[in-house]
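# Understanding the architecture of this molecule
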There are 2 protein chains.
Amino acid sequence: MKTTVQDVARRAGVSAGTVSNALTGKRHVAEATHRRILDAMEELGYQPNLMARGLVNQRSHVLSIVIKEFSDLGYYGYSSVLTGIQRKANQLGYSIMLHFVDGPSEEEIFATLNQVSAHRADGVLWVIHEIEGNRNWVRDIHPEKYPPIVFLHMHPDPALSVVSIDNQAGANMAVSHLIEQGCRTIGIITGPLDWWESQARLAGWKNALQQAGLDADSSLVVEGDWLADSGKTGMETLLDRRPDLDAVFASNDRMALGALHTARRRGLSIPEDLLLVGYDNTPEGASYWPPLTSVRQGLLQSGQIAVEDLHQRIESEINEQTAPRQHIIQPELIIRQSSMRSR
Amino acid sequence: MKTTVQDVARRAGVSAGTVSNALTGKRHVAEATHRRILDAMEELGYQPNLMARGLVNQRSHVLSIVIKEFSDLGYYGYSSVLTGIQRKANQLGYSIMLHFVDGPSEEEIFATLNQVSAHRADGVLWVIHEIEGNRNWVRDIHPEKYPPIVFLHMHPDPALSVVSIDNQAGANMAVSHLIEQGCRTIGIITGPLDWWESQARLAGWKNALQQAGLDADSSLVVEGDWLADSGKTGMETLLDRRPDLDAVFASNDRMALGALHTARRRGLSIPEDLLLVGYDNTPEGASYWPPLTSVRQGLLQSGQIAVEDLHQRIESEINEQTAPRQHIIQPELIIRQSSMRSR
DNA sequence: TTGACAAATTATAACGTTTTAATTTATAAA
DNA sequence: TTTATAAATTAAAACGTTATAATTTGTCAA
């Protein structure tokens with residue numbers, strides 16, 4: 001835990017500089033010496049000190065991920081993104097530091113950002129959902145007081161680097177599919193409406209209905225909070241309000257699960273009496289009864305793209321700033337029995 | 001991103017040492033100077049460089065979490081533990097670095113450990129499940145080549161610091177509860193049997209049956225892989241083998257979901273025809289149909305305890321090594337309708 | 001042999017902190 | 001006033017690397 005480059009040098013009978021050269025491979029060192037150095041390292045169990053290295057190189061090779069705490073990590077979406085991030089980061093030689101935020105309130109955001117910056121992370125991946133003022137605080141951040149930041153799952157913004165998923169298209173697909181199945185009265189259980197994802201999915205629903213000349217009445221809309229319970233009550237409300245309801249689009253799989261629960265409790269069969277589509281395509285969905293049709297988001301991919309973009313940004317920063325880029329990923333509909341009209 | 005303690009010092013008209021004193025609060029600095037320094041920091045937007053600080057203090061205030069990659073993060077259990085870890089770590093002033101492992105093969109384990117040690121993490125939280133040789137490699141690690149390590153969810157071992165959950169007791173509770181409900185032929189869907197958790201839960205099942213003088217025949221045991229699909233097929237097998245089956249204990253909620261699926265497909269009602277208990281108490285379980293009885297593990301708590309123990313270990317290391325400690329957490333049964341005999 | 005030139009190595013100065021020991025400044029007693 | 005003592009500040013060294021510029025060593029042609 002504490003043999004240093006000096007120790008290795010002494011043991012190999014060379015200077016510290018040579019050991020460093022052997023280590024980084026930037027300057028050439030003679031075959032024989034190289035071998036001796038390697039041996040010395042082996043014998044002494046040398047571990048380079050990344051803090052010292054980072055200090056002189058002005059480069060930590062650490063990427064900071066900022067994520068909202070608690071429930072989020074257990075949520076399928078976030079963990080997929082993280083996995084995608086991890087893979088690419090690893091491949092590019094970065095380590096990952098995790099920062100949690102509760103609020104996110106303005107002050108907490110800046111506190112976190114300061115911590116990130118104190119660690120001298122090379123870049124930041126912002127995986128906090130966007131609500132209200134959020135976007136504006138974050139737009140003001142950019143100054144070179146902080147390392148480059150890539151925002152995941154925010155809606156596109158020319159001033160920021162964003163990797164996001166086309167939520168409106170995803171919802172549109174889902175609802176269009178229901179329409180093709182012959183449904184006419186399609187309810188939606190949305191996420192919290194201060195999330196832009198929720199808004200976008202709602203817009204997709206509306207859009208699909210209008211394209212087909214169908215009713216997008218507000219009695220068909222009920223707001224949930226992403227959790228299964230709100231799917232239960234959402235479904236209750238929809239059924240009470242619209243006895244003619246023949247399909248429901250739930251804005252995530254958890255709420256779809258809740259909707260299934262309520263349908264079952266009320267003695268309704270899916271897909272016989274009612275069709276249902278979820279969002280996220282969680283692995284469990286395939287084991288619900290009936291197996292759940294859902295929208296696959298490509299979250300793993302989004303994590304990877306984000307890291308790639310960030311990496312470019314980090315590398316280029318030395319010369320001139322790379323302009324912000326927007327990456328928009330298209331989702332895909334996975335059809336299972338919950339939305340297949342059995343005639 | 002690059003004003004230094006020197007800059008602040010210059011601006012405040014003092015020396016670097018004084019700024020440092022003001023920063024750490026270890027030596028007293030006069031009221032007036034202190035104020036001037038604070039102002040200077042504010043004006044210059046000073047951010048301490050944690051790498052430099054870590055270098056001189058020989059303390060990074062970073063905790064490394066080693067976790068098996070991919071699916072694991074999305075798994076309820078792991079994310080809960082991580083949350084628990086994060087909370088306590090934050091409270092004690094640590095940042096968190098995440099390291100992923102695929103295998104885990106011996107070489108990969110050591111590669112990861114070397115990385116951890118290169119970052120000079122103050123301590124390690126080992127959240128890899130234990131299989132086969134695993135334990136032995138890990139026992140040999142301890143030498144002071146690496147920082148102190150606490151192992152989560154390994155079975156107790158006097159040579160190692162371990163925080164684990166009493167899986168056998170948990171399973172025993174679940175099965176005893178089924179027996180109390182009047183069940184006599186209770187099947188089990190286990191996890192992969194090279195996981196000690198699976199073994200322990202199996203032992204708990206067996207134990208409870210034997211206590212009650214009931215049959216723990218091998219025809220009642222089927223091995224799963226934690227995923228819902230294996231719950232589906234596991235349930236098929238059990239039903240085929242034992243037409244007299246009147247309850248099933250699934251070793252996690254996902255597999256319980258699969259079991260529900262199969263029961264439903266075969267036209268069996270739960271709890272009317274068959275009782276079912278899961279393990280993990282995932283939030284979704286309450287929305288399954290019927291709501292799932294399950295074993296709550298106290299994972300959040302386990303994460304917190306692990307960090308506390310690790311912290312002590314880190315602090316004390318300066319003097320003499322603290323002896324390894326075993327923490328065993330008792331789980332709790334959460335009863336819902338899937339296991340309530342309706343008579 | 002001696003140069004001339006390339007290749008390999010080294011000494012030294014950073015990087016941004018904190019700590020130690022030394023020094024200055026303030027305070028109180030004589 | 002002085003002196004003794006406490007309080008506040010500072011200069012310099014250290015932490016473990018890498019980069020730069022200087023030096024040594026080796027090779028080959030003249």
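Just so you know, these numbers come straight off a predicted model, no measurement behind them. (Residues numbered from 1 in each chain as written. Chains lettered and ligands numbered in written order. Predicted model: local features only at pLDDT ≥ 70, side-chain atom pairs only at ≥ 80, totals over all residues. Heavy atoms only, no water.)

Further remarks concern unusual backbone geometry. Note that the residue after I270 of chain A, namely P271 of chain A, is joined by a cis bond; omega there is 10°. By the element assignment, P271 of chain A lies in the loop between α12 (253-265) and β9 (275-277). For R120 of chain A, which is not a glycine, the phi torsion comes out positive at approximately 55°. Here R120 of chain A shows up in the loop between α7 (106-118) and β3 (123-126). You will see that Q58 of chain B, though not glycine, has its phi angle at about 55°, which is positive. (Helix = DSSP H or I, 4+ residues; strand = E, 2+ residues; numbered from the N terminus.)

Right, let's talk about the environment of R325 of chain A for a bit. Residues and elements named next belong to chain A. Relative to the helices and strands, R325 resides in the loop between α13 (299-316) and β11 (326-329). Spatially, the C-alpha atom of R325 lies 7.4 Å from that of P158, the residues being 167 residues apart in sequence. R325 has contacts with L160, S161, V162, D309 and R313, leaving out every residue within four places of it along the chain. (Contact = heavy atoms within 4.5 Å.)

A separate point is the relation of the copies chain A and chain B. Once chain A is rotated about the relating axis by 180° and shifted along it by 0.0 Å, it coincides with chain B to within an RMSD of 0.1 Å. What the superposition gives is, in effect, a two-fold axis relating one chain to the other. No C-alpha of chain A lies nearer the rotation axis than that of M97 of chain A, which sits 2.2 Å from it. A high fraction, 100%, of the interface residues of chain A reappear at the interface in chain B, so the copies pair face to face through one surface. (Least-squares fit on C-alpha atoms with pLDDT ≥ 70 in both.)

Lining the immediate environment of DNA strand D, one finds 27 residues, of which V5 and S20 of chain A together with S15, T18 and T33 of chain B sit closest. Sugar plus phosphate, as a fraction of atoms of DNA strand D within 4 Å of the protein: 81%. One of the side-chain nitrogen or oxygen atoms of T18 of chain B is found 2.7 Å away from a phosphate oxygen of DNA strand D. For the surface near DNA strand D, the elements supplying multiple residues, two or more each, are α2 (16-24) and α4 (50-57) of chain A together with α2 (16-24) and α4 (50-57) of chain B. The element best represented in the surface near DNA strand D is α4 of chain A, accounting for four residues. When the residues that make up the surface near DNA strand D are grouped by side-chain class, the tally is 10 nonpolar, 14 polar and three charged. (Near = heavy atom within 4 Å. Polar contact = N/O pair within 3.5 Å; in protein donor to acceptor, adjacent residues only side chain to side chain. Nonpolar A, V, L, I, M, F, W, Y, C, P; charged D, E, K, R; others polar.)

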